[in-house]
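Okay, here's what each chain looks like letter by letter:
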Amino acid sequence: MRKMTMRRAFSVSLLRSNPLLLSHSSGNSAVVALDNHYYFNSSSSSSCCVFTSTFHVYAISHFSTNPNPTHARLKQLLLEKSKSGFDKLDDALAVFDKMLHMKPLLPVINFNQLLAALVKMKEHSVTVSLFKDMCVKGIPVDLFTFNTAINCFCHLNRVDYAFSLLAGTIKRGFHPDVVTYTTLIRGLISQDNPAEAQLLFINLIRFKLIQPNVVTYTTIINGLCKRGHISTAVMLFRYMEKKGCKPNTVTYSTLIDCLCKLRLVDQALGLLHEMTKKGITPDVITYSSLIQGLCDFNRWQDVNQLLSEMNTRNISPDVHTFNILVDAYGKEGMINDAEDVIEFMIQRGQHPDVVTYNALMDGYCLRGEVDKALAVLETTMKRRGIVPNTRTYNILINGYCKKFKVDRAVDLFQQLPREGLSPTVYTYTTILQGYFLTGRHVEARKFFKEKMMLNKALTLDNFTCSILLHGLCQNRFVVEALSFFDTMLSAGLIPNICIYNTLIDGLSKNGHLEKARSLFDNLPLKGLRPDVKTYTMMIQAYCHDGLLNDANELFLKMEANGCLPDDVTYNTLIRGFFHNKKYNEAGVLMDEMCARGFSADASTASALLDLLKSQEQNPALLALRKKFLT
């Protein structure tokens, strides 16, 4: 929290008084202090670095590319490697060591090329370490060097150090540019601080420190989209156009992807039309997002149209695009279509991966064809040299549990360590649920105590706890369920409304209505709001115990508390009225239910017919028959 506050205060003060940022530093001091961090002072060769690294660069007498490079040959090598990276880290370190000893010293652009090569290799901590060595040894640096180091700190999830280094940039007399600030904005977003990123962006514009470019705008738009603030993202998108900054493919793709994830597919298609009309070419990422969005709505004709459009534009679907299709077809039970997609992608030179076959196996399991899913693992994947992951086994374990073949699921569970894989909390929970589903509650409880409670590496979540509580309550181990619930609270797990629903339902159905009522009444103290399931469970419990007035009162309260009853709630209370011979009240409630677009379910209709058979002359019942059964 302190670091977050420091960054926000630092960014605002920086934007308001840029030249005076380091006015508290003294003359030629080797180290400049700010907020307990330290920065380089260009006037001293003994400068310190904010980043502490245990990595040291050792002199290496040779490297594989060229053992004795001349200045010209080394410059050419650095130019090439800055674009692709070195094959080995040792080669890059050997070049750096050679550069340190060359006379005359190579210009800063060549050192920047070496750092760029390391960034290409994703050796961010090593890059920062070499940057430190350059500062300590008095090797000239420029803004590009600082930007590279700032970028590396962001990749290392140390945005606080990146902001600290910004002060060192200014102290050296450099003026941070759009790349500097865009990098910092991206760093804040990557550390889930989009509000701070937005504040920094606003202040940059307000104090006119930079002219944001398309990358800056797109970075902020991406941050807004990740938080689901699509309307604000679209407003910023229109603002950048108004300011003369032309959005590119990445900008449009970012918005399109967000719209599709929010199920606003038609608006996303509108943006696709807009970008092509403006001459901005969509890419495979753009189309993949749209295809995913359309698959979510089973709009297969539109999917085919987009695939045809991609072909016309000579944009080839990649593995991710094909995987979307395989997954979508599998979820709809269209296994033949999913297999056709896999065959087609192979023909197009794309190699199916573990995600592809996991999606296919999931499709088989959804159809109940678990053995066929297992065959995909044992034959197809093995033949193609595709290594399964934990999800592969989770799919099979879940499939066998749903087929009540828990022993087969346990065999697969035990196979995971032999494959070098670790089961997840979902794996354990699936086995636990399988035992309960098959009525093997003794084994379920033993499995939980021995395999899950004693596993310190396993963090239990609300879903797992809900499965255990439901299983215990279903098998009438209510006291044990309450004991576990207390243990869960003591361990610091914060139950959600689903946990409380499970307990309330289990308690009320096992003769513990008062305990269920106590849990329900205390929900506001826990910061939770009952949902429609919670209310319906309590109404059903009251009706079952003949407390019809309490049930009706709670029914009236739920709507007043902003929770609308659904068809299950109405039917539950109507059957309660039937059971207590409140036929007129049942008729009024049925009228209200129908007015809201709901109808009597099979249980309610059956209850009404049974009553009519036994009490045919009751006027209220005859009126109900005339109204609802004719």
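Because the structure is a prediction, the values reported are computed rather than measured.

The rules behind the values
Residues numbered from 1 in each chain as written. Predicted model: local features only at pLDDT ≥ 70, side-chain atom pairs only at ≥ 80, totals over all residues. Heavy atoms only, no water. Salt bridge = Lys/Arg side-chain N within 4 Å of Asp/Glu carboxyl O. Helix = DSSP H or I, 4+ residues; strand = E, 2+ residues; numbered from the N terminus. Buried < 20%, exposed > 50% of the residue type's maximum accessible area, 1.4 Å probe, protein only. Phe/Tyr/Trp six-rings, centres within 6.5 Å; stacked < 30°, edge-to-face > 60°. Lys NZ or Arg CZ within 6 Å of the ring centre and 35° of its normal. Disulfide = S-S within 2.5 Å. 1 Å grid on protein atoms, 1.4 Å probe; cavity = no way out; pocket = protein on both sides within 12 Å on 5 of 7 lines; lining within 4 Å. Points joined across faces, edges and corners; volume = space filled by probe spheres on them. Nonpolar A, V, L, I, M, F, W, Y, C, P; charged D, E, K, R; others polar. Contact = heavy atoms within 4.5 Å. Core = buried A, V, L, I, M, F, W, Y, C linked by side-chain atoms within 4.5 Å. Expected span 1.5 Å × (residues − 1). Polar contact = N/O pair within 3.5 Å; in protein donor to acceptor, adjacent residues only side chain to side chain.

### Quick notes on the pattern of salt bridges
Under the criterion given, the structure shown has 22 salt bridges. Here Lys 278 ties to Glu 241 by a salt bridge, and the two come within 2.5 Å at their closest N and O atoms. With a gap of 37 residues between them, Lys 278 in the loop between α13 (265-277) and α14 (284-296) and Glu 241 in helix α11 (residues 230-242) connect regions that are remote in the sequence. Relative accessible area serves as the criterion here: at 42%, Lys 278 is assigned to the partly exposed category. Residue Glu 241 is classed as partly exposed on the basis of its relative accessible area of 23%. Among the salt bridges present, the one from Arg 517 reaches Glu 514, with a minimum N-O distance of 3.6 Å. Linking Arg 517 with Glu 514, this pair stays in helix α27 (residues 513-521), spanning 3 residues, or about one helical turn. Residue classification places Glu 514 among the exposed residues on the basis of a relative accessible area of 52%. Connected through shared salt-bridge partners, Arg 238, Glu 241, Glu 274 and Lys 278 make up one network.

### Side note on the packing of aromatic side chains
Summed over all chains, the structure comprises 18 aromatic pairs. Through successive ring pairs, a cluster of aromatic residues spans Phe 413, Tyr 428, Tyr 435 and Phe 447. Residue placement shows Arg 408 over the ring face of Tyr 400; its charged tip is 5.6 Å from the ring centre.

### Examining the state of the cysteines
Taken as a whole, this structure holds 0 disulfides when the rule is applied. Free of any disulfide, Cys 152 has its nearest neighbouring cysteine sulfur in Cys 154, separated by 9.2 Å.

### Re the layout of surface pockets
Of the volumes computed, that of the largest pocket is approximately 340 Å³. Lining of the largest pocket is provided by 16 residues; of these, Phe 520, Tyr 535, Leu 554, Lys 557 and Asn 561 occupy positions nearest its centre. Residue assignment for the lining of the largest pocket shows that the elements contributing at least two residues are α27, α28 (532-544) and α29 (548-560). The element that contributes the greatest number of residues to the lining of the largest pocket is α29, accounting for 4 residues. Here the lining of the largest pocket is built from residues that sort into 8 nonpolar, 2 polar and 6 charged.

### Structural notes on the environment of Tyr 583
Inspection of the secondary structure puts Tyr 583 in helix α31 (residues 583-595). Taking the C-alpha atoms as reference points, Tyr 583 and Leu 608, separated by 25 residues in sequence, lie 9.8 Å from one another. Each residue touching Tyr 583, except ones within four places of it in the same chain, is listed here: Phe 578, Leu 611, Gln 615, Asn 618, Ala 620, Leu 621 and Leu 624.

### Section: the nonpolar core
Formed by 186 residues in total, the largest nonpolar core has its most connected members in Leu 114, Leu 360, Leu 432, Leu 573 and Phe 578. Among all residues touching Leu 360, those that are not within four sequence positions of it are Val 326, Ile 335, Ala 338, Glu 339, Ile 342 and Val 376.

### Some words on α28
For α28, spanning 13 residues, the distance from its first C-alpha to its last is 18 Å, which sits close to the expected 18 Å at 1.5 Å a residue. Taken together, the buried positions of α28 are Thr 534, Tyr 535, Thr 536, Met 537, Met 538, Ile 539, Ala 541, Tyr 542 and Cys 543. Looking at where α28 begins, the residue whose side-chain oxygen comes 3.1 Å from the main-chain nitrogen of Lys 533 is Asp 531. Trailing α28 by a residue or two, Gly 546 shows a phi angle of about 75°, which is positive.

### Side note on helix α25 (residues 478-490)
The end-to-end C-alpha distance of α25, which contains 13 residues, comes to 19 Å, matching closely the 18 Å that a straight helix rising 1.5 Å per residue would cover. Where α25 is buried, its residues touch α23 (441-453), α24 (462-474), α26 (497-509) and α27. The positive-phi residue at the C-terminal boundary of α25 is Gly 492, with phi of around 95°.

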